[in-house]
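Geometric and topological summary
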Amino acid sequence: MAELDAPGAALAPEIRTWAQRVEEVAAGLPVSDAEEGFAPRRLAARMLSDALAEEFTLPVPDGVTISELPLRGGDGVLRARRFRSARARGPQPTMLWCHGGGFFGGTIDEILNDRISAALALASGVQIFSLEYRLAPEHPFPAPVDDAVEALRDLRARRIELEVAPDRLGIGGNSAGATIAATAARGLCAEGEQVHHQALEVLPAALYPYGDSATRYGRGFGLDDVADLADVYRGDAPLAEASPLDFPDLRGLPPALLLVAEFDPLRDGALAYAERLRAAEVPVTVHIGAGHVHGSPGLTAGWQGARDWQSAFAVELTRAYHR
């Protein structure tokens, strides 16, 4: 992650320090050959994520119960991790969460996922189930979406066992996971199933470069290969099925929260998607993280800007799920 300066970009020193550490840690990781496939790349991405989270993300807070359990996916049983306030009693507002990772990587086992999900569940009072969905290119679209759809259905079917409030069961995701969540929400609603809310954090709404932000921040802001990874995920699927900004009809979708980073190549696509949702009369809340790049909301250990982002996220979830 280099060349962090851009016209008008006033990046916090904490982001610059983090970006320098990204380069330093990445330089010490094994370099994989393209012919070796995605497995070594996933491992390197996991190692990088965990090393940075240990340094830059606040630890899991006290007062959260974390447990492992299986959820039904699109082609069998998947792992999931539940984050729930230790004080919670009885059925709780619940969100199925799809982690980030560029469609090819990421896992519920990442330190970052544990720390951010636990803090969000505690602050919002929303029970979170983080899903280990299948990954591209071995499992391209629609496999990850099918996993999210079936997992949400499983949560509803097991609502008594898992203490899920069925009328306040929503979905959300970060980055690639946000695309999967938005697409799953659309599919569920198209089949007449209720989805209470969708929380879309740093959403790749268009699976291709879109708008001025893609040009200004497409290189050196942490997502240099985003277009290639989107193609790996989409495969041969039509954009109208896989790319949220290209969905032909957005009517009837659940209320949406979009959290958008100011200096993110994905920014303009996410904002355009929010406008399309509004035009379809879907209630939308947009939070723009001033000074943020795509990955900086996780810098909660040392940057007030990241803590403000996470606080705003929790406040909006509380409003959406506890009315």
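The text that follows walks through the structure, step by step, so that each part is easy to find. Owing to the predicted nature of the structure, the values given are computational and were not obtained by experimental measurement.

For the rest of this paragraph, the subject is the sheet that holds strand 6 (residues 198-201). If you walk across this open sheet you meet the eight strands as 1-2-4-3-5-6-7-8, and the pairing is mixed. The sheet terminates laterally at strand 1 (64-73) and strand 8 (284-289), the two strands that pair on one side only. Strand-to-strand, the axes of this sheet are offset by a mean angle of 20°, without reference to chain direction. In the packing of helix 6 (residues 176-190) onto the sheet, the strands contacted are strand 3 (92-98), strand 5 (164-174) and strand 6, and the crossing angle to strand 5 comes to about 140°.

Okay, the pairing of strand 3 next. Across the seven residues of strand 3, seven count as buried, placing the element largely inside the fold. Summarising the sheet, strand 3 and strand 5 pair through six bridges and their orientation is parallel. Bridging from a neighbouring strand, Met95 pairs with Gly170 of strand 5. Summarising the sheet, strand 3 and strand 4 (residues 127-131) pair through five bridges and their orientation is parallel. Residue pairing for strand 4: Cys98 is matched across the bridge by Leu131. Tracing the backbone out of strand 3, into helix 3 (residues 111-124) and back to the parallel element strand 4 gives a crossover that is right-handed.

With that settled, the discussion passes to the environment of Ile128. Tracing the backbone through its elements, the reader meets Ile128 in strand 4. Judged by its relative accessible area of 0%, Ile128 falls in the buried class. Taking C-alpha positions, Ile128 is 26 Å from Ala206, a pair spaced 78 residues apart along the chain. Each residue touching Ile128, except ones within four places of it in the same chain, is listed here: Arg81, Arg82, Phe83, Met95, Trp97, Ser117, Leu120 and Ala121.

Attention shifts here to the packing of helix 1 (residues 13-27) against helix 2 (residues 39-56). The geometry of helix 1 relative to helix 2 is characterised by a closest axis approach of 10 Å and an angle of 140° between their N-to-C directions. Judged on the interaxial angle alone, helix 2 and helix 1 are oblique. Where helix 1 crosses over helix 2, the handedness of that crossing is right-handed. On helix 2, the residues that touch Thr17, Trp18, Arg21, Val22, Val25 and Ala26 of helix 1 are Leu48, Ala51, Leu52, Glu55 and Phe56. Taken together, the residues of the contact of helix 1 with helix 2 sort by class into eight nonpolar, one polar and two charged.

Position of Pro255 relative to the elements: it lies in the loop between helix 9 (239-242) and strand 7 (256-261). For Pro255, a relative accessible area of 27% gives the class partly exposed. Put simply, Pro255 and Gly269 are 14 residues apart on the chain and 18 Å apart in space, counted from C-alpha to C-alpha. Ignoring any residue separated from it by four or fewer positions in sequence, one finds Pro255 in contact with His196, His197, Gln198, Val282 and Pro283.

Below, the discussion takes up helix 8 (residues 226-234). Along an α-helix, residues three or four positions apart point the same way, because every turn accommodates 3.6 residues. Those residues of helix 8 that sit buried are Leu229, Ala230, Tyr233 and Arg234. Seen along its axis, helix 8 keeps its buried residues to an arc of 135°; they face one direction. In this structure, the buried side of helix 8 is in contact with helix 2, helix 4 (143-157), helix 6 and helix 9.

Thresholds, definitions, all that
Residues numbered from 1 in each chain as written. Predicted model: local features only at pLDDT ≥ 70, side-chain atom pairs only at ≥ 80, totals over all residues. Heavy atoms only, no water. Pairing = 2+ DSSP bridges. Helix = DSSP H or I, 4+ residues; strand = E, 2+ residues; numbered from the N terminus. Axes fitted to C-alpha atoms, helices over the stretch in contact; angles between N-to-C directions. Contact = heavy atoms within 4.5 Å. Buried < 20%, exposed > 50% of the residue type's maximum accessible area, 1.4 Å probe, protein only. Right-handed = clockwise from strand over helix to strand, strands pointing away. Parallel < 35°, antiparallel > 145°, perpendicular 65-115°, else oblique. Left-handed = near helix turned anticlockwise from the far one by under 90°. Nonpolar A, V, L, I, M, F, W, Y, C, P; charged D, E, K, R; others polar. Arc of directions from axis to C-beta.

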